[in-house]
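Okay, here's what each chain looks like letter by letter:
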Amino acid sequence: MLSAERELRLQNDIHDYLEVRDSIKTGLERQEEIAKNRDRILAFFGADLKDWYDYRWQLKHRITDAETLSKLMPLSKKQAAEIDEVGLKYRYAISPYYLSLIDSNNPECPVARQSIPMIDELDSAGETDPMDEENSSPVPGVTRRYPDRLIIKVTNQCGMYCRFCQRRRLIGEQDVHSNSEKIKKAIEYVRDHEEIRDVLITGGDAFMLSDQAIDNLLADLRSIKHVEIIRFGTRTPVTLPQRITPELVSILKKYHPVYVNTHFNSPAEISDESKAACERLADAGIPLGNQMVLLNGVNNKPHIVKKLNQSLLSIRVKPYYIFHPKAIRGTSHFWCSIEEGLDVMESLRGYTSGMAIPTYIVNGTGGLGKTPLLPNYLLYIGRDKAVFRNWEGQIFEIENRNRSKQP
Ligand SMILES: *Cc1c(COP(=O)(O)O)cnc(C)c1O
Ligand code: SF4
């Protein structure tokens, strides 16, 4: 039986989270305000709901200058001037949909922080290209760092330009899809290497390709016997959920097993529309994973990540990775310490569903690959025993013996 004392302790373990849970709002809890923002944006563009649900309309009407932005949300003169100043160096683009998620009453809105340029971007700390992709690229457009899987980059376009992105878009940089010749060579590389059983299609954003291009690519990959699974990396369910059309979904499901990994960073990004997009994918039998980036001022707090991950499971997305932010120039205001990441991990294990616990990853500099990090639960390991602490800090030990090797 669960003792009354133990029950009390369990309730106490969750008490601090329950105190703040309802103050960390998902978009689902702000749906009326979001709809109002949407109607205001539509009125500004003289458009209607049919346009809103058309991702081509969303892409075409991305906001890329402070003047337009200031007509759609309250911006101080200083803020507008700073946006213009940053805009001379780094490009920015916000889809009308993503803009509608911004809470203008919250000066620390996590959606605004991810999408609206800030003067901090001009800080010179960090490196311009620590990704070191050249050394891991056997043919153009392919990144291979692991024995049995690789990445094909099919485009460098995205639904929007996230402010924390490791691929900072410089002014003058062209956004293009890889040409079909390049993609063909990448597919040939996979065909020639029998050990590749898992192919990740990314960019940029893989779903910026046309339906036809995605269909062709999948047909080519599926003609290779040793390709077991195909994965897409896309942020469109978050920034441009209208892209997840029934047509796209019906193409994807012809080529199962197909997985989609997306990229929610904040509970505020979970809206009716992003939920519907995830459900369309899940209903087609596509398992969904989430790759969050730990970002100062967005999600570097245990309770926020807990709410995010629980809400993701509710919309059928499994938290897969938390990435430690890379030291990219122009993103220093988003950097976090390793301790903050470990605190997040510590606050999850035991306290919430194991399903809501992703792996925390530091990317090895110089292309050394994903390196997992956990709080330390193993306190001592010796010839006969190992000593641990559990999630609540209680100590226990187990024998550390392999009986088969006993004399
Ligand atoms: C992240 C990554 C992968 C996929 O890694 P998983 O841990 O299998 O999700 C594959 N190739 C490269 C180059 C990567 O950076
Ligand atoms: S969608 Fe992904 S790749 Fe594109 S700008 Fe955002 S974080 Fe960067």
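Residues numbered from 1 in each chain as written. Chains lettered and ligands numbered in written order. Predicted model: local features only at pLDDT ≥ 70, side-chain atom pairs only at ≥ 80, totals over all residues. Heavy atoms only, no water.

> What am I meant to see in the sheet that holds strand 12 (residues 395-399) here?
In a beta sheet, neighbouring strands pair by backbone hydrogen bonds and run either parallel or antiparallel. Across the sheet, three strands lie side by side as 10-11-12; this open sheet has antiparallel pairing. With one partner strand each, in any of the chains shown, strand 10 (378-381) and strand 12 form the two edges of the open sheet. If you compare each strand with its neighbour and ignore which way they point, the axes differ by 20 degrees on average. Relative to strand 11 (residues 385-389), strand 10 is paired through three bridges, and the arrangement is antiparallel. Bridging across to strand 11, Y380 finds its partner in V387. (Pairing = 2+ DSSP bridges. Helix = DSSP H or I, 4+ residues; strand = E, 2+ residues; numbered from the N terminus. Axes fitted to C-alpha atoms, helices over the stretch in contact; angles between N-to-C directions.)

> Looking at this structure, I do not really get the side chain of N390. What am I missing?
For N390, the location among the structural elements is in the loop between strand 11 and strand 12. Exposure remark for N390: the relative accessible area of 17% places this residue in the buried category. At 2.9 Å, the side chain of N390 and the backbone nitrogen of E392 are in polar contact. Apart from the residues within four sequence positions on either side, N390 is in contact with Y377 and F396. (Buried < 20%, exposed > 50% of the residue type's maximum accessible area, 1.4 Å probe, protein only. Polar contact = N/O pair within 3.5 Å; in protein donor to acceptor, adjacent residues only side chain to side chain. Contact = heavy atoms within 4.5 Å.)

> Sorry if this is basic, but what is going on with the site of ligand 1 here?
Around ligand 1 lies a shell formed by T143, R145, Y146, R149, I151, L200, R231, Y320, Y321 and K370. Between an oxygen atom of ligand 1 and a side-chain N or O atom of R149, the distance comes to 2.7 Å. Between ligand 1 and Y320, the relevant distance is 2.6 Å, taken from an oxygen atom to a side-chain nitrogen or oxygen of the residue. Elements that contribute at least two residues to the shell around ligand 1 include exactly strand 2 (149-153) and strand 7 (317-323). Its residues assigned to classes, the shell around ligand 1 comprises five nonpolar, one polar and four charged. (Near = heavy atom within 4 Å. Nonpolar A, V, L, I, M, F, W, Y, C, P; charged D, E, K, R; others polar.)

> Can you walk me through the domain arrangement of the protein chain in this structure?
Interface size is commonly expressed as the accessible area that is lost once the parts come together. In terms of domains, the protein chain is made up of domain 1 (18-108) and domain 2 (376-407). Once you take the C-alpha centre of each, domain 1 and domain 2 turn out to be 53 Å apart. (Domains from an automatic or database assignment.)

> Even after reading the chapter, I still don't get the nonpolar core, so can you show me in this structure?
In summary, soluble globular proteins display a tendency toward joint burial of nonpolar side chains. Counting residues in each nonpolar core, the largest one holds 92 residues, and the members touching the most others are I201 and F232. The element that contributes the greatest number of residues to this core is helix 9 (residues 180-192), accounting for five residues. Contact partners of F232, with chain neighbours within four places excluded, come to I201, A206, F207, I214, L218, L252, V258, Y259, V260 and N261. (Core = buried A, V, L, I, M, F, W, Y, C linked by side-chain atoms within 4.5 Å.)

> Is there a simple way to explain the packing of helix 1 (residues 4-21) against helix 14 (residues 302-314) in this structure?
When two helices pack together, their arrangement is given by the angle between the helix axes and the distance between those axes. Across the interface, helix 1 lies against helix 14 with an axial gap of 10 Å and an inter-helix angle of 75 degrees. Regarding the angle of helix 1 to helix 14, the classification is roughly perpendicular. Counting all contacts with helix 1, which are made through D16, Y17, V20 and R21, the residues of helix 14 involved are H303, K306, K307 and Q310. The class makeup of the residues in the contact of helix 1 with helix 14 is two nonpolar, two polar and four charged. (Parallel < 35°, antiparallel > 145°, perpendicular 65-115°, else oblique.)

> Sorry, what's going on with the site of ligand 2 here?
Surveying the vicinity of ligand 2 reveals the residues C158, M160, Y161, C162, F164, C165, R169, G204 and R235. Within the shell around ligand 2, the residues separate by chemical class into six nonpolar, one polar and two charged.

> What is the right way to read the pairing of strand 7 from this model?
Burial runs high along strand 7: five of the seven residues are buried. Where strand 6 (residues 288-293) and strand 7 come together, six bridges link them in parallel fashion. Pairing of L288 across the sheet is with V317, part of strand 7. Inspection of the sheet shows strand 7 paired to strand 8 (residues 359-364) by three bridges, in the parallel sense. Within the sheet, the bridge partner assigned to F323 lies in strand 8 and is I361.

> Please explain the packing of aromatic side chains as it appears in this structure.
Under the criterion given, the structure shown has nine aromatic pairs. Aromatic rings pair up to connect F44, F45, W52 and W57 into one cluster. Residue placement shows R168 over the ring face of Y90; its charged tip is 4.4 Å from the ring centre. Positioned over the ring face of Y55 is R243, at 4.5 Å from the centre of the ring. (Phe/Tyr/Trp six-rings, centres within 6.5 Å; stacked < 30°, edge-to-face > 60°. Lys NZ or Arg CZ within 6 Å of the ring centre and 35° of its normal.)

> What exactly am I supposed to notice about the sheet that holds strand 6 here?
Across the sheet, nine strands lie side by side as 1-2-3-4-5-6-7-8-9; this open sheet has mixed pairing. Each edge of the open sheet is held by one strand with a lone partner, namely strand 1 (142-143) and strand 9 (369-373). Each of strand 7, strand 8 and strand 9 is contacted by helix 15 (residues 338-348), which is oriented at about 155 degrees to strand 8, the strand it contacts most.

> How should the environment of R149 be read in this particular structure?
Note on placement: R149 falls in strand 2. Linking R149 and Y161, residues 12 residues apart in sequence, is a C-alpha distance of 27 Å. In terms of polar contacts, R149 uses its side chain to reach the side chain of D148, at 2.9 Å.

> Whenever I open this one, the environment of Y146 confuses me. Can you help?
Along the polypeptide, Y146 turns up in the loop between strand 1 and strand 2. Considering only alpha carbons, one finds Y146 and L368, 222 residues apart in sequence, at a separation of 9.9 Å. Apart from the residues lying within four places of it in its own chain, the contact partners of Y146 are G369 and K370. Within polar-contact distance, the side chain of Y146 engages the backbone nitrogen of K370 at 2.7 Å.

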